[in-house]
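Descriptive structure summary
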Amino acid sequence: MPSIRVTCYHKHMLIVANWKAYVEDLPKAKRLLAVSKDLAGKVACTIVLAPPAPLLGALAAGNRSAVAFAAQDVSVTTGGAATGEITAQAYASVGASYAIAGHSERRAAGDTDTLVSEKLARALAHDLTPILCVGEREHDDGGRYLSFVREELTVALTSLPPKHRTKVIVAYEPIWAIGKTSASAMKPIDLTEMVLYIRKVLAELLPGKSSKHSLVLYGGSVEPENAHDLATRTGVDGFLIGHASVDSHMFASLVKQLV
Ligand code: PGA
């Protein structure tokens, strides 16, 4: 019997599974890939896996499925004497097609806005679609989080040539909402405001009307319990999912909330 393909709710969503350092062995990585391949065959979402680098290399080798791969980070180096660095070119050569830059866990380890911008440029130089993470530490009542996010977007994007800015996917990840449970995640009403704000800033930074095509994702404690509401009531184009992406039951149940 032919399998039935179900379209993700209201639009084709981009689901990026950020495995962080949660997955440390190949058998678990292979099990999670198998779940994603199965989901990718049934739902019309794009599923992108971001495993730790050695596991990405092993999984992407010979991958013929619709599942795509993302680097969790890329080096700003262009190769050469840089022990331990993993370049965008190395990721591209093993089959990655996306690269995350500016994740708050990398920023906490020292990545500045300027460095993040260089990482976007390195990714773009090797045809990796960059996923730029931005997000405030605190959602303060005075609204300073808005100018904080504006600054992160502005510094990261303005040093890129205008036509390259249009290729960047933005992942809004408020730090205060990361790594908790759905109850502590951002509420749809607040996310709606933030998505509109980010689109307004992108309209100022991108050439012409190109920002209309920009993808804006949300990340921060997306779980099966809140995925549907966040997907349908906020205007996001997809999610960056951490802890819920490394539990196969949770991940499958989350993706099914989107169809
Ligand atoms: P979380 O992580 O889903 O565990 O909150 C999201 C992220 O940090 O990308």
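Provided above is the structure to which this section pertains.
Let us look at the structure shown here. By convention here, each chain's residues receive numbers from 1 onward along its written sequence. Only residues with pLDDT of 70 or above have their local features reported here, since the model is predicted, and side-chain atom pairs are shown and tallied only from 80 upward, although totals for entire chains, interfaces and linings are computed over all residues. The side-chain quantities take in all heavy atoms of the structure and omit both hydrogens and water.

**Here we look at the state of the cysteines**
Whenever a pair of cysteine sulfur atoms sits within 2.5 Å, that pair is classed as a disulfide. Going through the model one piece at a time under the given rule, you end up with zero disulfides. A disulfide-free cysteine, Cys-133 has its sulfur positioned 19 Å from the sulfur of Cys-45, the nearest such atom. Classification of Cys-133 by relative accessible area gives buried; the value is 1%. Categorising residues by exposure relies on relative accessible area from a 1.4 Å probe, with only protein chains included: less than 20% of the type maximum marks a residue as buried, more than 50% marks it as exposed, and the intermediate range marks it as partly exposed.

**What about the site of the ligand?**
Nearness here has a simple test: a residue counts as near a molecule or strand if at least one of its heavy atoms is within 4 Å of that partner. Around the ligand lies a shell formed by Asn-18, Lys-20, His-103, Glu-173, Ile-178, Gly-179, Gly-220, Ser-221, Leu-240, Ile-241, Gly-242 and His-243. At 2.8 Å from an oxygen atom of the ligand is found a side-chain nitrogen or oxygen belonging to Glu-173. Here a polar contact means two N or O atoms within 3.5 Å. Within protein one must be a hydrogen donor candidate and the other an acceptor candidate, and residues neighboring in sequence count only if both atoms are side-chain atoms. In this structure, an oxygen atom belonging to the ligand sits 2.6 Å away from a side-chain N or O atom of His-243. The method behind every accessible area is Shrake-Rupley, applied with a 1.4 Å probe, and residues are considered shielded solely by the protein chains displayed. Within the complex, the protein chains bury 100% of what would otherwise be the 280 Å² of accessible surface of the ligand. Note on residue classes: Ala, Val, Leu, Ile, Met, Phe, Trp, Tyr, Cys and Pro are nonpolar, Asp, Glu, Lys and Arg are charged, and everything else, Gly too, is polar. Considering only residue class, the shell around the ligand consists of three nonpolar, seven polar and two charged.

**Digging into helix H9 (residues 224-232)**
Within H9, burial applies to Pro-224, Asn-226, Ala-227, Leu-230 and Ala-231. End-on, the buried residues of H9 take up no more than an arc of 155°, which puts them together on one face. A run of DSSP states H or I qualifies as a helix once it reaches four residues; a run of E qualifies as a strand once it reaches two. Both are numbered from the N-terminal end. The directions from the helix axis to the C-beta atoms are what the arc is built from.

**Brief notes about the nonpolar core**
To form a nonpolar core, buried Ala, Val, Leu, Ile, Met, Phe, Trp, Tyr and Cys residues must be joined to one another through side-chain atoms within 4.5 Å. Leu-153, Tyr-218 and Phe-239 are the most contacted members of the largest nonpolar core, which has 71 residues in total. Of all the elements, helix H8 (residues 188-205) adds the most residues to this core, at eight residues. Any pair of residues with heavy atoms lying within 4.5 Å of one another is described as a contacting pair. In this structure, Tyr-218 is in contact with Tyr-172, Pro-174, Ala-177, Ala-185, Met-186, Leu-191, Leu-230, Val-236, Gly-238, Phe-239 and Leu-240, ignoring residues within four places of it in sequence. Ranked by size, the runner-up nonpolar core spans 14 residues in total, among them Val-16, Val-48, Ala-70 and Ile-169.

**Description of helix H6 (residues 144-158)**
One fewer than the residue count of a helix, multiplied by 1.5 Å, yields its expected span. Helix length check: H6, at 15 residues, gives a terminal C-alpha distance of 21 Å against a target of 21 Å (1.5 Å per residue), a fit within 8%. Buried residues of H6: Tyr-145, Val-149, Glu-152, Leu-153, Ala-156 and Leu-157, and no others. Viewed end-on, H6 has its buried residues packed into an arc of 105°, placing them on one side of the element. Structurally, H6 contributes buried residues whose contacts are with helix H4 (104-107), helix H5 (113-125), strand E5 (129-134), helix H7 (162-165), strand E6 (169-172) and H8.

**Digging into the pattern of salt bridges**
Salt bridges are defined as contacts in which a side-chain nitrogen from Lys or Arg sits within 4 Å of a carboxyl oxygen from Asp or Glu. Counted under the stated rule, the structure contains eleven salt bridges. For Arg-107, the salt bridge identified is with Asp-113, shortest N-O distance 2.6 Å. When sorted by exposure, Arg-107 lands in the same class as Asp-113, which is buried. One salt bridge connects Asp-111 with Lys-119, and the closest N-O pair in it is separated by 2.7 Å. You'll find Asp-111 and Lys-119 in the same group, each marked buried. Residues joined in a network through salt bridges with shared partners are Asp-73, Arg-106, Asp-111 and Lys-119.

**Structural notes on unusual backbone geometry**
A positive phi angle, near 45°, is found at Lys-20, a position not held by glycine. Summarising the element assignment, Lys-20 is placed in the loop between strand E1 (14-18) and helix H1 (26-42). If you check the backbone angles, Asp-127 has positive phi at about 60° while not being a glycine. Relative to the helices and strands, Asp-127 is located in the loop between H5 and E5. Of the residues examined, Asp-127 reaches a relative accessible area of 68% and is grouped as exposed.

**A look at the pairing of strand E4 (residues 98-101)**
Here is the key point about a regular strand: its side chains alternate between the two faces of the sheet. Neither face of E4 is exposed, since Tyr-98 and Ile-100 on one face and Ala-99 and Ala-101 on the opposite face are all buried. In terms of handedness, the path from strand E3 (residues 68-71) via helix H3 (residues 88-93) over to E4 forms a crossover that is right-handed. Where E4 meets E5, four bridges bridge the pair, whose relative direction is parallel. Counted as the bridge partner of Ala-99 is Pro-130 from E5. When the strands point away from the viewer and the path from the first strand over the helix to the second turns clockwise, the crossover is right-handed. Here the rule is simple: two strands pair whenever DSSP picks up at least two bridges between them.

**Comments concerning the packing of aromatic side chains**
A pair of Phe, Tyr and Trp rings is counted when the ring centres sit within 6.5 Å of each other, with Trp represented by its six-membered ring. The angle between the planes then sorts it: under 30 degrees is stacked, over 60 is edge-to-face, the rest tilted. With the rule as written, the count across this model stands at one aromatic pair. Ring centres 6.5 Å apart and planes at 50° place the aromatic pair Tyr-172 and Tyr-218 in the tilted group. Of the two residues, Tyr-172 is situated in strand E6 and Tyr-218 in strand E7 (residues 216-219); the sequence distance between them amounts to 46 residues. The buried category is assigned to Tyr-172, whose relative accessible area is 1%. Look at Tyr-218 and you get buried, because its relative accessible area is 0%.

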